Amino acid sequence: MITAVASAGSQVDADGITGFIDQVKHPSWWSEGVQPPQVGDRLHTVVLDDTRDPPRLSALQSDIETARVLRGRE
């Protein structure tokens, strides 16, 4: 769930872990018909980089699909 929104992106609570979605990793950056993120929004996300603090996430469907493919190779 989105807990804060700034010009650079959104802070999220992902099952008790604080993460960050850069603005370009939110669908509203790429599609005119998608509303910008707002506090309280629930998103399906994928972890892009868990070594950063806070971890970087993506809500883009293409990133989610790529993660599914990569997990299938493990």
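One structure accompanies this document, and this report is about it. In this text the structure is predicted, and so the values were computed from the model without any measurement. (Residues numbered from 1 in each chain as written. Predicted model: local features only at pLDDT ≥ 70, side-chain atom pairs only at ≥ 80, totals over all residues. Heavy atoms only, no water.)

## What about the nonpolar core?
Note on soluble globular proteins: their nonpolar side chains tend to be buried together. In terms of nonpolar packing, the biggest core is built from five residues, these being Ile 2, Val 12, Ile 21, Leu 57 and Ala 59. Sequence-distant contacts of Ala 59, that is, excluding residues within four places in its chain, are made with Ile 21, Lys 25, Pro 27, Leu 43, His 44, Thr 45 and Ile 64. (Core = buried A, V, L, I, M, F, W, Y, C linked by side-chain atoms within 4.5 Å. Buried < 20%, exposed > 50% of the residue type's maximum accessible area, 1.4 Å probe, protein only. Contact = heavy atoms within 4.5 Å.)

## Here we look at the environment of Ser 31
Among the structural elements, Ser 31 can be located in the loop between β3 (17-22) and β4 (46-49). As for Ser 31 and Glu 65, which are separated by 34 residues in sequence, their C-alpha atoms are 18 Å apart. (Helix = DSSP H or I, 4+ residues; strand = E, 2+ residues; numbered from the N terminus.)

## Some details on the side chain of Ser 58
Structurally, the position occupied by Ser 58 is in strand β5 (residues 56-58). Overall, the relative accessible area of 0% leaves Ser 58 in the buried class. Within the local environment of Ser 58, its side chain forms a polar contact with the side chain of Asp 63, the two groups lying 2.6 Å apart. Non-local contacts of Ser 58, meaning those with residues more than four positions away in its chain, are made with Lys 25, His 44, Thr 45, Val 46, Leu 48, Asp 63 and Ile 64. (Polar contact = N/O pair within 3.5 Å; in protein donor to acceptor, adjacent residues only side chain to side chain.)

## Digging into the sheet that holds β5
Judged by pairing direction, the sheet is mixed, and its five strands sit side by side in the order β1-β2-β3-β5-β4 without closing on themselves. The sheet is open, and its two borders are formed by β1 (2-6) and β4, each paired with just one other strand. Adjacent strand axes in the sheet meet at a mean angle of 35 degrees, parallel and antiparallel pairs treated alike. Inspection of the sheet shows β3 paired to β5 by two bridges, in the parallel sense. (Pairing = 2+ DSSP bridges. Axes fitted to C-alpha atoms, helices over the stretch in contact; angles between N-to-C directions.)

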